[in-house]
Amino acid sequence: MTIQTVSTNKSHGGVQGVYRHASMATGTDMVFSVYVPPHAEGAKLPVVWYLSGLTCTHANVTEKGEFRKACAELGLIFVAPDTSPRGPDVPGDPNSAYDFGLGAGFYVDATEAPFTRNYRMWSYVTDELPKLVAGHFPVDAKRQSIMGHSMGGHGALTVALRNPHRYRAASAFAPIVAPSQVPWGIKALSFYLGPNKEAWRSHDTVALIEDGAKFSGFLVDVGEADNFLKEQLKPELLQAACTKANIPLTLRRQPGYDHSYYFISTFMSDHLHWHAERLKG
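Model, not experiment: these values are computed from the prediction.

**Some words on the nonpolar core**
Stage number 1. Residues Phe 78, Tyr 192, Phe 218, Met 268 and Leu 272 are the most contacted members of the largest nonpolar core, which totals 90 residues.
Stage number 2. Beyond its immediate chain neighbours, meaning those up to four positions away, Tyr 192 contacts Phe 100, Gly 101, Ala 104, Gly 105, Phe 106, Val 108, Ala 110, Thr 111, Glu 112, Phe 115 and Tyr 119.

Put into structure tokens, the structure is as follows:
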């Protein structure tokens, strides 16, 4: 598996790179970013995966996330994939809405036409891209964690719950914790996975926990001034599910913060330090 280097820039002693490759999973070219901190020659480093939200690409967190200083200090590789396949032949929302299709892959493998050919973001972020990154960057495969924002928070939490032995930590900013119960998720899961709501449960954090999935614990931040908090995010459902299942959850409600990267960048260092503690050894 080969990659094309789009750009590299030195930052905090490490290298921020952007790369492109032909994806077998999505049938399209995919672009992703990787920050590699300064390190000793031959060293293998822990990796934090970051899944972005609706409308985003790799570029949003790469340019606005303010993660590099902390990653350099903590010795963490930071990988940011795209949120969906892209290209002129990739189907999107027929009404050109922002919450479905291009930029809104929801980290599932679609089972419904015409989306089955390209929308295989679950396979991409859990299988294809990790193998590609491991082949080109100094990652320690035994020390991985995952985090995300909004739709990407949904992705990070579901990926962790379904792969608890692969990821040592999972956190999220303003995650969609119960997509089966909110407009964004109902729309996406209906189109990608079909009308059978039982098929949705494996891509719903709250449903996974209700069905017995376990994880070592989560860190979640939400902004109390987030316009999507009550209708789309519903963190109280995650809190109730974790309490019932005895899954440790640190849920922090941040006064005055919204859904933007001003919010994410403010608390990014907290999350990375939390991940680094769990990625030691």
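**Examining the sheet that holds strand β5 (residues 77-80)**
Stage number 1. Taken in spatial order, the nine strands line up as β1-β2-β3-β5-β4-β6-β7-β8-β9 in an open sheet, and their pairing is mixed. In this open sheet, the two edge strands, each paired with only one partner strand, are β1 (4-11) and β9 (249-254). Taken over all neighbouring pairs, the strand axes of this sheet differ in orientation by 15 degrees on average, direction set aside.
Stage number 2. Sheet contacts for helix α3 (residues 121-136): β2 (14-22), β3 (29-36), β4 (45-51), β5 and β6 (139-149); angle to β3, the most-contacted strand, approximately 55 degrees.
Stage number 3. Each of β4, β5, β6, β7 (167-173), β8 (218-223) and β9 touches helix α9 (residues 261-278); the most contacted strand, β7, lies at about 165 degrees to it.

**With respect to the environment of Gly 92**
Stage number 1. Along the chain, Gly 92 turns up in the loop between β5 and α3.
Stage number 2. It is 19 Å that separates the C-alpha atoms of Gly 92 and Pro 81, two residues lying 11 residues apart in sequence.

**A look at the UniProt feature "active site" (unreviewed entry) in the protein**
Stage number 1. UniProt marks Ser 150, Asp 226 and His 259 with the feature "active site" (unreviewed entry), using the numbering shown here. A compact arrangement is adopted by the annotated residues: their sequence extent is 110 residues, whereas the largest C-alpha distance between any two is 11.0 Å. Among the residues just listed, Ser 150 and His 259 line the largest pocket.
Stage number 2. With respect to the secondary-structure elements, Ser 150 resides in the loop between β6 and α4 (151-162).
Stage number 3. Setting aside residues up to four positions removed in sequence, Ser 150 forms contacts with Gly 53, Phe 173, Ala 174, Pro 175, Ile 176, Trp 184 and His 259.
Stage number 4. By the element assignment, His 259 lies in the loop between β9 and α9.
Stage number 5. When neighbours within four sequence positions are excluded, His 259 is seen to be in contact with His 149, Ser 150, Ala 174, Asp 226, Phe 228 and Leu 233.

**Details of unusual backbone geometry**
Stage number 1. A cis amide bond links Ala 113 to the next residue, Pro 114, at an omega of 0 degrees.
Stage number 2. Checked against the element boundaries, Pro 114 lands in the loop between β5 and α3.
Stage number 3. The phi dihedral of Glu 66 is positive, around 55 degrees, even though this residue is not glycine.
Stage number 4. As for its placement among the helices and strands, Glu 66 is situated in the loop between α1 (58-64) and α2 (68-74).

**A look at helix α8 (residues 235-245)**
Stage number 1. All of the buried residues in α8 are Pro 235, Leu 238, Ala 241, Cys 242 and Ala 245. Along the axis of α8, the buried residues cluster in a sector spanning 120 degrees; they form a single face. Exposed residues pointing more than 90 degrees away from the buried face of α8 are listed as Thr 243 and Lys 244.
Stage number 2. If you follow the buried residues of α8, they end up packed against α4, α6 (205-210), β8, α7 (229-233) and β9.
Stage number 3. Looking one or two places after α8, you find Asn 246, whose phi comes out positive at around 60 degrees.

**Overview of the layout of surface pockets**
Stage number 1. Roughly 260 Å³ of volume is contained in the largest pocket.
Stage number 2. Along the walls of the largest pocket sit 17 residues, with Cys 56, His 149, His 259, Ser 260 and Tyr 261 positioned nearest its centre.
Stage number 3. Broken down by secondary-structure element, the contributors of at least two residues to the lining of the largest pocket are α1 and α9.
Stage number 4. Top element by residues in the lining of the largest pocket is α9. It accounts for three residues.

**Thoughts on α4**
Turn by turn, an α-helix covers 3.6 residues, leaving residues three or four places apart pointing in a common direction.
Stage number 1. Here α4 spans 17 Å end to end across 12 residues, near enough to the 16 Å set by a 1.5 Å rise per residue.
Stage number 2. What α4 keeps buried is the set Met 151, Gly 152, Gly 153, His 154, Gly 155, Ala 156, Leu 157, Thr 158, Val 159, Ala 160 and Leu 161.

**A word on the side chain of Asp 226**
Stage number 1. Of note, Asp 226 is situated in the loop between β8 and α7.
Stage number 2. As a buried residue without a salt bridge, Asp 226 has its nearest oppositely charged side chain in Arg 253, at a separation of 10.0 Å.
Stage number 3. A polar atom in the side chain of Asp 226 sits 2.5 Å from the side chain of His 259.
Stage number 4. Once residues within four sequence positions are removed from consideration, Asp 226 is found in contact with Ala 174, Leu 233, Tyr 257, Asp 258 and His 259.

**Brief notes about the packing of aromatic side chains**
When we look at a pair of aromatic rings, we describe it by the centre distance and by the angle of the planes.
Stage number 1. Throughout the structure, instances matching the rule amount to 18 aromatic pairs.
Stage number 2. Ring pairing ties together the aromatic residues Phe 100, Phe 115, Tyr 119, Phe 191 and Tyr 192, which thus form one cluster.
Stage number 3. Across the ring face of Phe 67, the terminal group of Arg 68 is positioned such that the distance to the ring centre comes to 4.8 Å.
Stage number 4. In this structure, Arg 162 packs its charged tip against the face of Trp 122, placed 4.0 Å from the ring centre.

Analysis parameters
Residues numbered from 1 in each chain as written. Predicted model: local features only at pLDDT ≥ 70, side-chain atom pairs only at ≥ 80, totals over all residues. Heavy atoms only, no water. Core = buried A, V, L, I, M, F, W, Y, C linked by side-chain atoms within 4.5 Å. Buried < 20%, exposed > 50% of the residue type's maximum accessible area, 1.4 Å probe, protein only. Contact = heavy atoms within 4.5 Å. Pairing = 2+ DSSP bridges. Helix = DSSP H or I, 4+ residues; strand = E, 2+ residues; numbered from the N terminus. Axes fitted to C-alpha atoms, helices over the stretch in contact; angles between N-to-C directions. UniProt positions renumbered as here; feature names shortened; annotations may be inferred. 1 Å grid on protein atoms, 1.4 Å probe; cavity = no way out; pocket = protein on both sides within 12 Å on 5 of 7 lines; lining within 4 Å. Arc of directions from axis to C-beta. Points joined across faces, edges and corners; volume = space filled by probe spheres on them. Expected span 1.5 Å × (residues − 1). Lys, Arg positive; Asp, Glu negative; His and termini not counted. Salt bridge = Lys/Arg side-chain N within 4 Å of Asp/Glu carboxyl O. Polar contact = N/O pair within 3.5 Å; in protein donor to acceptor, adjacent residues only side chain to side chain. Phe/Tyr/Trp six-rings, centres within 6.5 Å; stacked < 30°, edge-to-face > 60°. Lys NZ or Arg CZ within 6 Å of the ring centre and 35° of its normal.

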